[in-house]
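Each chain, written out:
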Amino acid sequence: EGLFPIHQISYGDQQFQPSEIVSLIEDGMGNLWMGGFRWGVLRIKTASLQSDHLKAGILRAPFEHFTPESPPQQRLKGWSVRQMVLDSLNQVWVATIDGGLTCYSPTKERVQHFPVSDTAVLGIWSLKAGKGVWQGTWFIGTRRNGVYMLQPDTDQMGFVQMSQTSLMPRFR
């Protein structure tokens, strides 16, 4: 009972020291995803965890590290995670400040990067899945360049112009 700090995660000969965690999610398989500033994403496989796996601030658990230097099936485009979102298909969407948007599909064990031709979209600050008529659409808030809309099925991304009556996307 209580709070237990985790200073290090280790598995076999791999070690990682999590710091500056900005986003945490749990996927449909119970894995814990940690997104950090300047170090990418860790997926901790929690299915086999037992209470004795955390001792003296060291968590002994299988993990995978997703960075721009990872193998292609785990590669992110940026190092600094701003937000992670789990969608209804159990896919993990990772928004980075320095590399745009990446979607990881655990069923396919692969990542998909969405084309960002506009450097204004690289500074993603927030991510929201659309509902209702906007189902299947992502709204992407940027740090200084407004709101963008992504329709992953068509790979179309557009700037969202706001009016008093509706949102009117203008695709580039």
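One can find the structure itself at the top, above this paragraph.
Everything quoted here is computed from the prediction, not taken from an experiment.

Reading the values: rules and limits
Residues numbered from 1 in each chain as written. Predicted model: local features only at pLDDT ≥ 70, side-chain atom pairs only at ≥ 80, totals over all residues. Heavy atoms only, no water. Helix = DSSP H or I, 4+ residues; strand = E, 2+ residues; numbered from the N terminus. Buried < 20%, exposed > 50% of the residue type's maximum accessible area, 1.4 Å probe, protein only. Contact = heavy atoms within 4.5 Å. Areas by Shrake-Rupley, 256 points an atom, 1.4 Å probe, with all protein chains shown as cover. Pairing = 2+ DSSP bridges. Axes fitted to C-alpha atoms, helices over the stretch in contact; angles between N-to-C directions. Phe/Tyr/Trp six-rings, centres within 6.5 Å; stacked < 30°, edge-to-face > 60°. Polar contact = N/O pair within 3.5 Å; in protein donor to acceptor, adjacent residues only side chain to side chain.

Asker: So what exactly am I meant to see when it comes to the overall build of the protein chain here?
Answerer: When you go through the protein chain residue by residue, the secondary structure sums to zero helices and 17 strands. Here the protein chain, with 172 residues, has 43% of them falling under the buried criterion. Intrachain contacts of the protein chain at a sequence separation of at least 6 include 37% that bridge at least 24 residues. For the protein chain, the accessible area works out to roughly 9900 Å², and carbon and sulfur atoms hold 51% of it.

Asker: What should I look at first to understand the sheet that holds strand E3 (residues 21-26) in this one?
Answerer: Sheet strands line up and pair through hydrogen bonds in the backbone, either parallel or antiparallel. Across the sheet, which stays open at both edges, the four strands sit in the order E3-E4-E5-E8 with antiparallel pairing between neighbours. Both edges of this open sheet fall to E3 and strand E8 (63-66), since each of them pairs with a single strand only. If you compare each strand with its neighbour and ignore which way they point, the axes differ by 15° on average. Sheet topology note: the strand E4 (residues 32-36)/strand E5 (residues 40-44) ladder contains five bridges and is antiparallel. Of the residues in E5, the one forming a bridge with Leu32 is Ile44.

Asker: Before we go on, may I ask you to explain the packing of aromatic side chains in this structure?
Answerer: We describe a pair of aromatic rings using the distance from one ring centre to the other and the angle between the two ring planes. Taken as a whole and judged by the stated rule, the model has four aromatic pairs. Geometrically, the ring pair formed by Trp33 and Tyr104 is tilted, given 5.5 Å between the ring centres and 55° between the ring planes. Residue Trp33 is located in strand E4, and its partner Tyr104 is located in strand E11 (residues 100-105); the two are separated by 71 residues in the primary sequence. One aromatic cluster is present, formed by Trp33, Phe66 and Tyr104 through successive ring pairs.

Asker: Teacher, can you tell me more about the pairing of E3 here?
Answerer: Each regular strand shows side chains that alternate between the opposite faces of the sheet. Here E3 runs beside E4; their pairing, made up of five bridges, is antiparallel. Its bridge partner lying in E4, Ile25 is registered against Trp33. With antiparallel pairing between neighbouring strands as the criterion, E3 and E4 make up a hairpin whose turn holds five residues, including Gly30 at a positive phi of roughly 85°.

Asker: Help me out: how do you make sense of the sheet that holds strand E1 (residues 8-11) in this one?
Answerer: In spatial order, the strands read E2-E1-E7-E6; together these four strands make up an open sheet with mixed pairing. This sheet does not close on itself; its edge strands, each paired only once, are strand E2 (14-16) and strand E6 (54-55). With three bridges joining them, E1 and E2 adopt antiparallel strand pairing. Opposite Ile9, over in E2, you have Phe16 as the bridge partner.

Asker: What's the story with the side chain of Gln74 in this structure? I'm lost.
Answerer: Considering the arrangement of structural elements, one finds Gln74 in the loop between E8 and strand E9 (81-86). Overall, the relative accessible area of 12% leaves Gln74 in the buried class. Looking at Gln74, its side chain comes within polar contact range of the side chain of Glu64, at 2.9 Å. The residues contacting Gln74, other than those within four sequence positions of it, are Glu64, His65, Phe66, Thr67 and Val111.

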